[in-house]
Structure formats: structure tokens, C-alpha cells
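# Coordinates in review
Listed below, chain by chain, are the residues.
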Amino acid sequence: MTDSDSTAARGPGIRTGEPLAEVTGLSVTFGNPHAPVPALREVSMRIDRGEAIAVVGESGSGKTTLLRSIAALVPRPFIRSGAVRFGNRDLLTLRERELATIRGREIGMVFQDPVNCFNPAFTIGYQLRRVFRLHRPEPAGGTDAEIGRALDRVGVDAAGRLARYPFEFSQGQLQRLMIAAACFAGRPTLLLADEPTTSLDVTTEAQILGMLRELRRDLGMALVLVTHNLALAAQLCDRVLVMYAGRIVEEARVADLFARPAHPYTRQLLRSLPVLPRQPGRLYSMPGDPASAADARRGCPFAPRCEALLGAVCADTEPGLLPTGVNGQLAACHRYDTAQAPTENLAGKAPA
Amino acid sequence: MSTTTVDNSANPGPSGVQAAASPRNRVLSALLHRPLALTGLCGVALLVLIAAVGPLLAPDNPDQTSSHATAPPSLAHWMGTDQLGRDVFSRMIVGTRISLAVGVGSTAIALAIGGLLGMLAGLEAGRAPDTVLMRAMDVIFAFPVLVFVPVLSGLAIGRQIHLGPVPVSQLAVLTGAISVVFVPVFARVARASTLAESKMEYMLAARAFGARRQDLILRNLLPNVAGPLMVQAAFSIPLAVITEAAVSFLGFGVQPPQASWGDILNDGRNQILLGDWWETVFPALAIVVTVLFFNFIGDALRDVLDPRARAREMTAAATGAVVIGDRGD
């Protein structure tokens, strides 16, 4: 991300590093054959070693499903097509037994609600020991010493706390404990975080974010952060994937996304963020309801809410993910289709 | 538990507040702090003691007939005698063993089989094994208890039944028949708990952290399913005791000269119209009291094993209101 010349030399990609994981053509449909509920449609993404990617989008846009698919946690029957390549394996074809040696060891995961991620019936120490022993042989100083060091890194004092039950901890502390387990039980090269700070207050959120940034740097982990908070994405990540209705509609470097949002959805999303100093007039609010991948409609899924429609093409055909010509930025919008001569300049609709 | 001692030795801390007892100790001490549960525990302990050493306590030979037929309670015969002149008190004491053994035994069998089948069904929820198992449970559940059990048990009267090469006593057939009736209840409880537990986020989190299937079942599922099953067992034992009594009362259960409470009731059935109350009232009382004792325990267990109730108590303990689960190092 720092070396834009070499990026440009490499072609339209924004990638700089070597690939760590790659999702190709992933489609997930929940429900049963009589009542299918599509959640992801033909999603592809690449995660490079050590890079941080944010996946943003509204509720129901498929962010969490995408994240869980990367760890192969989505039940197999729901996966209609696609592959998740990690190293030289396709995680979606591995058996649970083989996956168990990858999850937690090579891929760490942090969930949204730390309170429900610990079993209320067991002490924190018991649960942490179990996770640590799954992934590393008993170290010389004992697992407890190992856990103590890990908790130290996430700012929780381990002394006397391991014998306590989850409900005796605050949400922020539990999230720190989960991050410790995700980062230190194994030696993950990829950390998946599903809205890790949504259930926390802003002060704690800032601390946790700072901590995640540090851990990522020190351990050299790649990060996929699912969030609906664009500011969070900006603080922590190099690249952003914007999801809408189960598809990726824009992919851009963080700076580009804020400076030159390419997809009308991203533009309207950014316009609806409050900014300081306060702008005159009412804060913009996006019209319409969030679409879900389950809505079967022809044409662009965003068309009903789009304020920069191009005409009949938007209602008739669904656009693919197309290069916008800037820094490898991609957007799923007909205006970047070179076959379709752009009929309108989007600059006129840029945020005020 | 050894795991907790390690942590505490590192930092003693204020023991009363920080103490987090091992689950087993906590359940026990919580039970001991409830008067009704304590009554139930003491009562059941007494019954078990009587069942264990019963024949030693009996003042008379329970099967010895005498000329003092249908005598009302007296100092010589505390609960009177039946129409054959046998001492009712002695028969009651000896009968405790059979009543409890059938009640506890059939519940234990039903718990093991029903719990296993229910967990299996819950893990396979929505798929063929689940459907087949649970429909089978529905079929068993539809059996009228007081027809099914007497028929099975009655078939074994005066006949040597073999289960493969193993000879089975009529009492074992009775116990087995009662357990069959209770299997669906345990299966449903286990299945419901398994389903609820499987949906918990910590199950997903455990998988995301690399836990294997057998880990999930043994370490996450089983401990959480065990609670509701124990509560169900506490309520099923008295029901099984009643069922045994009812079947014996109908004459298809425990056979003379063996004594069980229901059997004694049956013997006294004709006497009651003549005003000779003692032969029926005492076994009936024994059954009622036993049911009560077990229900006290079941009620308390249900409260104690409810995680939400437990959290409330622990909070109260931490704020000094009530101290429950003090480890006392």
C-alpha cells in the first residue's frame, strides 16, 4: 500500500504481498430447497499476507457469512459453489477433523459478542487451558504461564482470575480474553474479526482497536475485519470491501474509498455519515430499505435506492465488478462498463 | 478441583468474595442452604439407609404368619398386622428396598438410554435419525402406562425369562418395563437441551478455536445436558415408585410373599371396607412422603442448575448479601 509505483507496474491490482488466502466464486444459500435464502452470490476476494481488509455493509449484506465461510464454519450443504483456498488447501473440501487443526491454529477468530462465546458453566481458566492445549504441546512452564503471558499482552491481569466464571468479567475484558485465545493459542497468520467492538462502549472500543493494531503488527497476521462502521475500517485497514445484497460492490484502498468512492452505494453511504464541523441542513439519509441477497430481482440490486441511475441498463442487467481505472479500485456499476458508454458524469453527484 | 487450586495459590485474595466453587460443590452447598431441599436430602438418605439395612431393622420376620390377623396398631405391631397375621411394619421396612430399587433402577435405565438417544437425535436434528428416533419415542409415549407395564411384567410371573443367555427375574422385567415408559421423557429433555446448546454461540466459537466434535460433545454438550436430565430424574424416581406401587396394587408387579409398598396396599385393599385402615394408610403415607422428598430435591435442583438463577446468586454472594459457594480453602 505504501509502494504505489510497484503496484501500478503490476497491473490493475492493489495487492502488494503474497497471497495468504483466496475466496473464489463463493455462493452460499441458506434455507431448504423449497425456500432458498441466498446469502452470498459469487463472492471472490484475496487476502495477502499481513494485510488488513475491512468488509463493510449493512445488516444482511452477507459480511458475517463471508467471514464464517473463510473458516469453513458455514454448514457444508449451504455452500452452493466456490472455494476458499488457504495455503495449498481448499478449506471447503476438508473434513472437520482436518479443519480442527487449522482453526484456532492458523486462523484465529474473534466474535461479536464475547459474553456468549464463553461457556457459562466453566471457569475462564478451564476454557483458556482447553484452547491452548489444543494447539501447542504442554510448554515447560505449564499452560498457565503461557496463558498468563498471553493475557498480559491483551492487558488482563491473569493473577487469580482464571478460577473465575465468565459472568464475573466485563464485556471488554471477555473480548480481550477472546482475542488472547485467538492470537496466542496457535500461531495464526490470519485473524478473522466479526464486529469485535460492536458490543463495547467507545472507550473500550478504542483500546481494543489499538490493541488489535499492535498485535497484528507484532504477530504479522493478516486481518479480515467485518464491521458496519466505516471509521473503524479507516483506522485499522488497508483495503475495504463494500458488500451489498450478498455481493461485493466495491473494492478499494481505504484512502481511495473515502476520496473517490466509486459505487453509488458507497457514495450515498459516505454522505449519510455525520461530519464535524456540522454541515448546514439535514443529515442525508439513504432512501429505501436494505436489500438482501434473498430478494430475487432483475438488474442491479442497488437500483431501487440508487440516486445515479443510468437508465434501463440498471433495471435489466446486473453489473459485474469492474475496474474504475484508479489504483485497482473495483466497483459493480454499469458506469464503469467500457462497452456501455458512460452517459452521465458521476462527479455531479459527489458528496457536498 | 485441582485446576482451581493452582490459580488460587498464586493469589490468595479475599476468599469469601472471589471464591468460585467447583460446579459440584456449588450445587451441593446450594442444596444444603435450602430448607426444603435439605429435608428432601435427609429423607431420601434415611430411605436409602432403611433400604440398605432393612431386614436388620425389621422387628419381626415379614413373611411370618401368625394367629394375630388384622390386629390394629399396638406396641407389639406398630402398624398392625395383615389378614395373614404378618407384621405390617416389618413388611413396610423390607418393602422399602424393592420400591426404591425399582424406582431408582428404572429411572437410571431410562436416563441412560433416553439421554443417549435424545442427544443423538439433537445432534442429527432435522435429519432422518432424529425423525425416526423421536417418532419412535412418540409411539412409546402413547402406550398407556397401566396397560403396558402390567402386561409385560405379568407375562414374567411364574415364568423364567431369558434375555439372551442371561436369566431375568420378574422384578427386573418390572423395572425394565417401567424404564421403557420413561425413556421418551428423558429423550425429549436431552434432545431439547442438545438443540438449545448446539445453537449457543460458544459452541460455534469452540469450533472456530479448533475444538473437535468429540470435544464439543463431551466437554460442552454433556455437562450442559446433564443438568436438565438430573432434574428430570429427580422427578421421575417418585413417578416410577408410584408406577411400581400401582402395578403391584393391580397384582402384576411384585409377587407374594415379596413385599413392596404397592403390594402391601393391594393386600390391604379388601380390609379397608371393613374399617381396618392400617394396612393401606401406612404404605400410602410412605409413597406420598417418598414422592415429596424427591420432589423437594427436584425443585431445588431445577433452581440451582438454572444458569440465570446461579448468576443471580453469585452476584448476591459477591456483594455480600448471601454467601453461596464459599470454597473455604
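Residues numbered from 1 in each chain as written. Chains lettered and ligands numbered in written order. Predicted model: local features only at pLDDT ≥ 70, side-chain atom pairs only at ≥ 80, totals over all residues.

### A short note on the overall build of chain B
Just so we agree on the cut-off: In this description a helix means any DSSP run of H or I spanning at least four residues, a strand means any run of E spanning at least two, and both kinds are numbered starting from the N terminus. Here, residue contact means that the backbone-derived C-beta atoms of the two residues sit within 7 Å.
Helix and strand counts for chain B come out as 13 helices and 2 strands. Considering only contacts within chain B whose residues lie at least 6 apart along the sequence, 70% involve residues at least 24 apart.

### Notes on the domain arrangement of chain A
Residues and elements named next belong to chain A. What counts, and what does not: The domain limits used here are those given by an automatic or database domain assignment. When residues are sorted by character, Ala, Val, Leu, Ile, Met, Phe, Trp, Tyr, Cys and Pro go into the nonpolar class, Asp, Glu, Lys and Arg into the charged class, and all the rest, Gly among them, into the polar class.
Once the domains are mapped, chain A shows domain 1 (18–237) and domain 2 (247–349). Computed from C-alpha coordinates alone, the two centres of domain 1 and domain 2 are separated by 30 Å. With 16 residues of domain 1 at the contact, the number on the domain 2 side is 9 residues. Contributing elements (two or more residues each) for the side of domain 1 that touches domain 2: β2 (35–48) and α9 (230–236). Counting residues per element, the side of domain 1 that touches domain 2 draws most heavily on β2, which supplies 8 residues. Residues of the side of domain 1 that touches domain 2, tallied by class, amount to 10 nonpolar, 3 polar and 3 charged.

### What to know about helix α4 (residues 35–57) of chain B
All names here are of chain B. Our working definition: Multiplying 1.5 Å by the residue count of a helix minus one yields the expected span of that helix. The quantity called bend is, for any residue, the angle between two axes fitted respectively to the seven residues ending at it and the seven beginning at it. Burial is judged by counting the other C-beta atoms within 10 Å of a residue's own C-beta: 20 or more makes it buried, 12 or fewer makes it exposed, and any count in between marks it as partly exposed, with every C-beta position built from the backbone.
The end-to-end C-alpha distance of α4 is 28 Å, clearly below the 33 Å that 23 residues give at a rise of 1.5 Å each. The largest bend in α4 comes to about 55°, at Ala51, with the proline Pro55 one to four residues further on. All buried positions along α4 are accounted for by Ala37, Gly40 and Leu47.

### Brief notes about the pairing of strand β1 (residues 19–32) of chain A
Residue and element names in this part refer to chain A. Stated precisely, the cut-off is as follows: One requirement defines pairing of two strands: DSSP has to find at least two bridges between them.
The sheet contact formed by β1 and β2 spans 10 bridges and is antiparallel. Looking across to β2, one finds that Glu22 is bridged to Arg46. Connecting β1 to the next strand, β2, in antiparallel fashion are 2 residues. Pairing analysis gives 6 bridges linking β1 to strand β4 (residues 79–86), with the strands arranged antiparallel. Pairing of Ala21 across the sheet is with Phe86, part of β4.

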